Amino acid sequence: MLKMRFLTLPLLSLAACAPSPDIAETPAEEASIDATEAIAENRVTPENLAKWRRDNPSWYAAVEPFQVVGEDGTGIYFVGTEGLGMFFIPTPDGHIVIDGGMPDQASTVAEAITKLGYDPKDIKILLNSHAHLDHSGGLADLKAMSGAQMIASEGDRSALEGGFYLGSEEEDFLFAPPVKVDRIIADGETVSLGGVTMTAHLHPGHSRGCTSWSMDVTQGGKIYDVLVFCSATVAANRLVNPPQYEGIVDDYRSTFDKTRNLNPDVFVANHPGFFGMMKKREKQKAGDALAFVDDKAFGKFITRVEGWFKDALQKQSAKAAP
């Protein structure tokens, strides 16, 4: 049952979880959460992890880390796997990582960062696209390894700190290691480190606090706007009877309204299939330095995903009808 519901994610990634704060400038009362609050215990089991590995081999298939766009030592790098997108942004003052993959993949991210010539212990900021175990799972270990500040939206805070899938809190197959959120980020707020500024864009629906991240990257003397999209697929979510969380359908619709006319120069996401990573990477390796630059790619993607949402809503509503 769970497998059939949740495996929508890798299926859609081949065709579905897409295209996102200034620490020093943030007032102290906004920069952190009460450190006395308890964090849930880690309830992830080896048996469930083994099943995820068996059912989703692409999520564990190795990919050599590489620079998506940017000059030497700047920009954004891919440090994920064939089926899961994790991203690394180096700066002179420490580094930023977006997403941690599955609960046993912090070492995968750390090894990729090391291969790029950086020390994962120098990670200063951890960001999350959304609080589902295939993207939040490695964050707790990465935080323990580096002491980085965990920044996330209020909508996803409970799931991150509770280690659960919102609306399916008792589904042990969906548990993730809980991670303490140090700072809450709101829509349009920024995170800055070492000359790099990331802007948060709340795109709820896929999760209640789904957060995309954007940044400007320079390559060849030109500035490109990069969007790391959270997701807008339905995947395992119930839209009706009862909804995964109250207001989920309106959230999806709001996200499609906000993203329908976006045209970032570079679109990447937490499932490489969303943005055609493998084909673009082959073009890049063949000499196309701007293989990932395509300001039409996101528009095509979000139009397709909105269609998937409408189909899912119709089917789930019909099934729930008396």
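The preceding data block contains the structure.
These numbers were taken from a predicted model, which means no experiment stands behind them.

Enquirer: Before we go on, may I ask you to explain the overall build of the protein in this structure?
Expert: Regarding its fold elements, the protein presents 11 helices and 12 strands. Within the structure as shown, the protein displays about 13,400 Å² of accessible surface, and the carbon and sulfur contribution to it stands at 52%.

Enquirer: Help me understand the packing of aromatic side chains in this model?
Expert: Given two aromatic rings, one states the distance between the centres and the angle between the planes to describe the pair. Here the structure, examined in full by the defined rule, presents 18 aromatic pairs. When the centroid spacing of 5.2 Å and the interplanar angle of 55 degrees are considered together, the rings of F88 and Y118 count as tilted. Placement of the pair is F88 in strand β3 (residues 87-91) and Y118 in the loop between α5 (106-115) and β5 (123-127), with a sequence separation of 30 residues. With a relative accessible area of 0%, F88 lands in the buried category. Judged by its relative accessible area of 22%, Y118 is partly exposed. Here F298 and F301 contribute two aromatic rings whose centre-to-centre distance is 6.4 Å and whose plane-to-plane angle is 40 degrees, an arrangement assigned as tilted. Here F298 and its partner F301 are both found in helix α11 (residues 297-320), 3 residues apart, which amounts to about one turn of the helix. In this structure, F298 and F301 share a single accessibility class: buried. A network of ring pairs unites the aromatic residues F66, F78, F87, F229, F267, F274, F275, F292, F298 and F301 as a single cluster. Above the ring of F175, the side-chain terminus of R43 is found at 3.7 Å from the ring centroid.

Enquirer: What is the right way to read helix α4 (residues 46-55) from this model?
Expert: In an α-helix there are 3.6 residues to a turn, and that puts residues three or four apart on one side. For α4, the full list of buried residues reads N48, L49, W52 and D55. Projected onto a plane normal to the axis of α4, the buried residues spread over an arc of 130 degrees and lie on a single side. Exposed and oriented more than 90 degrees from the buried face of α4 are P46, E47 and R54.

Enquirer: How should the environment of S212 be read in this particular structure?
Expert: Relative to the elements of secondary structure, S212 occurs in strand β10 (residues 211-219). For S212, a relative accessible area of 0% corresponds to the buried category. Between the C-alpha atom of S212 and that of D187, which follows or precedes it by 25 residues, the distance is 9.5 Å. A distance of 2.7 Å separates a polar atom in the side chain of S212 from a polar atom in the side chain of H203.

Enquirer: Explain the sheet that holds strand β4 (residues 94-98) here, please?
Expert: The strands making up a sheet associate through backbone hydrogen bonding, with each pair oriented either parallel or antiparallel. With mixed pairing, the 7 strands of this open sheet are ordered in space as β1-β2-β3-β4-β5-β6-β7. If you trace the sheet from one side to the other, it starts and ends with β1 (66-69) and β7 (183-185), each paired once. Averaged over all adjacent pairs, the angle separating strand axes in this sheet is 30 degrees, with direction ignored. Across 5 bridges, the pairing between β3 and β4 is antiparallel. Pairing of I89 across the sheet is with I96, part of β4. Against the sheet, helix α7 (residues 139-146) engages β4, β5 and β6 (149-153), with an angle of about 165 degrees to β5.

Enquirer: Honestly, the pattern of salt bridges in this entry has me stumped. Any pointers?
Expert: Within this structure, the stated rule accounts for 11 salt bridges. A salt bridge links D104 to R53; the shortest N-O distance between them is 3.2 Å. Here the residue D104 occupies a position in the loop between β4 and α5, and R53 occupies one in helix α4, the gap between them amounting to 51 residues. The class of R53 is partly exposed, set by a relative accessible area of 42%. The shortest N-O distance in the salt bridge between R260 and E306 comes to 2.7 Å. With R260 in the loop between α9 (248-259) and β12 (266-269) and E306 in helix α11, this pair connects stretches of sequence that are 46 residues apart. Residue classification places E306 among the buried residues on the basis of a relative accessible area of 15%.

Enquirer: It is not clear to me how the sheet that holds strand β11 (residues 222-229) should be interpreted in this structure. Could you clarify?
Expert: Read from one edge to the other, the open sheet built from 5 strands follows the order β8-β9-β10-β11-β12, with strand pairing classed as mixed. Of all the strands in the sheet, just β8 (190-193) and β12 have a single pairing partner and so form its edges. Pairs of neighbouring strands in the sheet enclose a mean axial angle of 25 degrees, with direction left out of account. Where β8 meets strand β9 (residues 196-202), 4 bridges bridge the pair, whose relative direction is antiparallel. By the bridge assignment for β9, V191 is matched with M198. Strands β11 and β12 of the sheet are contacted by α11, whose axis makes an angle of about 20 degrees with β11.

Enquirer: Which parts of the structure should I look at to understand the pairing of β6?
Expert: Regular strands place side chains that alternate from one sheet face to the opposite one. Of all 5 residues in β6, 5 are buried, a share of seventy percent or more. Residue alternation in β6 divides its side chains into two sets, Q149, I151 and S153 and M150 and A152, and both sets are buried. In this structure, β6 lies alongside β7, joined through 3 bridges in parallel fashion. Directly across from I151, in β7, lies its bridge partner R183. Taken together, β6, helix α8 (residues 154-162) and β7 form a β-α-β motif whose crossover is right-handed.

Cut-offs used in this document
Residues numbered from 1 in each chain as written. Predicted model: local features only at pLDDT ≥ 70, side-chain atom pairs only at ≥ 80, totals over all residues. Heavy atoms only, no water. Helix = DSSP H or I, 4+ residues; strand = E, 2+ residues; numbered from the N terminus. Areas by Shrake-Rupley, 256 points an atom, 1.4 Å probe, with all protein chains shown as cover. Phe/Tyr/Trp six-rings, centres within 6.5 Å; stacked < 30°, edge-to-face > 60°. Buried < 20%, exposed > 50% of the residue type's maximum accessible area, 1.4 Å probe, protein only. Lys NZ or Arg CZ within 6 Å of the ring centre and 35° of its normal. Arc of directions from axis to C-beta. Polar contact = N/O pair within 3.5 Å; in protein donor to acceptor, adjacent residues only side chain to side chain. Pairing = 2+ DSSP bridges. Axes fitted to C-alpha atoms, helices over the stretch in contact; angles between N-to-C directions. Contact = heavy atoms within 4.5 Å. Salt bridge = Lys/Arg side-chain N within 4 Å of Asp/Glu carboxyl O. Right-handed = clockwise from strand over helix to strand, strands pointing away.

Keep in mind these values describe shape, not function.
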